[in-house]
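Listed below are the residues making up each chain.
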Amino acid sequence: MDRRTFLQTGAALAVAPLLPRAADYKISLAAYSMRKYLSGKDATMDLSGFLDKCAAWKVDGAELTEYYFKKPVKAEEVAALKKKAADLGLAITGTPVGNTFTLPPGEARDKEVAKMKAWIDVSGDLGSPSIRIFAGGTPKGVEESTARGWVRECVQACLEKAAERKVILALENHGGVVATADGMLEIAKGIDSPWFGFNMDTGNFHTEDPYAELEKIAPRAVTCQVKVEMSAKGKKKEAADVPRLVAMMRKHAFKGFITLEYEAAEEPLEAIPKWLDVLRKAIG
């Protein structure tokens, strides 16, 4: 081996451990995928039953969406879910929460921030590494930049609690003021904290080129929800290019779980196992 080849090989070996290999990624399933069974007064499944399905489908983790917790949330029920997940060999990978942060200072904002802080505590008690948060829509008569500034302020108000409980706030690209990657990045300006990042939802950009939008936010992704469909502006829904999405996460050295969040029309009990297989094959 000549000196040049030796140096090139050494450099490659030095960088290689920093990039996730195919086998590094583990798969989680979002409870929202089973909303048909978890929602409403006539729900036929609870979060404990959802954990059973995750174990049966041999995923590595479970994302426990706030919507499906019994309210008010009781500490003993949270502890029971944590223990059951551990008994089944499942990691609790996230706790998505519904919220609105596009609010001016005042009582409504204070209520949303208080709710988020309470759910950060629940997430911490569960051992969840992150909590998915929303931004919200632009109120009538308000500039989008102003609304994004309000989101930033709300996030900053929650960061001390997030750091205390070691839970990352993961802002999702969920329409409204974060309908584009540039909107996401504008909010992130000025938030300098290891306890803030993005939840990259692969199905939520609807511009002319959703993949290009995802590419912009991928470097700051701390969680990733893979949808099975994509919908570009002016086009019909089409099946997601799952290998391309996984390759994108690997390119940007994403280190977390890749979570399937199933929303398509096919029966979830039949479709989810098939899409889990697609995701496993893409991961390698």
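Above this text is the structure in question.
For the structure given in this document, a descriptive report is provided here. Not measured: the values here are computed from a predicted model. (Residues numbered from 1 in each chain as written. Predicted model: local features only at pLDDT ≥ 70, side-chain atom pairs only at ≥ 80, totals over all residues. Heavy atoms only, no water.)

Quick word on the environment of F198
Move 1: Topologically, F198 is positioned in strand β6 (residues 196–201).
Move 2: Accessibility expressed as a relative area gives 0% for F198, which makes it buried.
Move 3: Sequence separation between F198 and A221 is 23 residues, and the spatial gap between their C-alpha atoms is 4.4 Å.
Move 4: If we skip the residues at most four places from it in the chain, F198 touches A170, L171, M184, L185, A188, I217, R220, A221, V222 and T223. (Helix = DSSP H or I, 4+ residues; strand = E, 2+ residues; numbered from the N terminus. Buried < 20%, exposed > 50% of the residue type's maximum accessible area, 1.4 Å probe, protein only. Contact = heavy atoms within 4.5 Å.)

Re the packing of aromatic side chains
Move 1: Under the counting rule described, the total for this entry stands at 5 aromatic pairs.
Move 2: Ring centres of Y32 and Y67 lie 6.3 Å apart, and the angle between their planes is 80°; this geometry places the pair in the edge-to-face category. Here Y32 is found in the loop between β1 (27–30) and α2 (35–38), whereas its partner Y67 is found in the loop between β2 (61–63) and α4 (75–87), with 35 residues between them in sequence.
Move 3: Assessed through its relative accessible area of 23%, Y32 is described here as partly exposed.
Move 4: For the ring pair F196 and F198, a centre distance of 6.1 Å and an interplane angle of 85° mean the geometry is edge-to-face. (Phe/Tyr/Trp six-rings, centres within 6.5 Å; stacked < 30°, edge-to-face > 60°.)

What to know about helix α9 (residues 242–251)
Move 1: The set of residues buried in α9 consists of V242, L245, V246, M248 and M249. Projected down its long axis, α9 shows its buried positions confined to an angular sector of 155°, all on one face.
Move 2: Considering only its buried residues, α9 is in contact with β6, α8 (210–217), β7 (221–226), β10 (258–260) and α10 (268–283).
Move 3: Immediately beyond the C-terminal end of α9, within one or two residues, lies A253, with a positive phi of roughly 60°. (Arc of directions from axis to C-beta.)

Considering the pairing of β1
Move 1: Covered by surrounding structure in β1 are I27 and L29 together with S28 and A30, the residues of both alternating faces.
Move 2: Judged from the 3 bridges that link them, β1 and β10 form a sheet pairing that is parallel. What sits directly across from I27, in β10, is I258. (Pairing = 2+ DSSP bridges.)

Remarks on the nonpolar core
Move 1: Grouped together as the largest cluster of nonpolar side chains are 81 residues, with contacts concentrated most on F50, F101, I131, V155, L169, L171 and F196.
Move 2: Among the elements that line this core, the one with the most residues is helix α6 (residues 144–165), at 7 residues.
Move 3: Setting aside chain neighbours within four positions, we find I131 in contact with T95, V97, M116, W119, I120, S123, V167, I168, L169 and A170. (Core = buried A, V, L, I, M, F, W, Y, C linked by side-chain atoms within 4.5 Å.)

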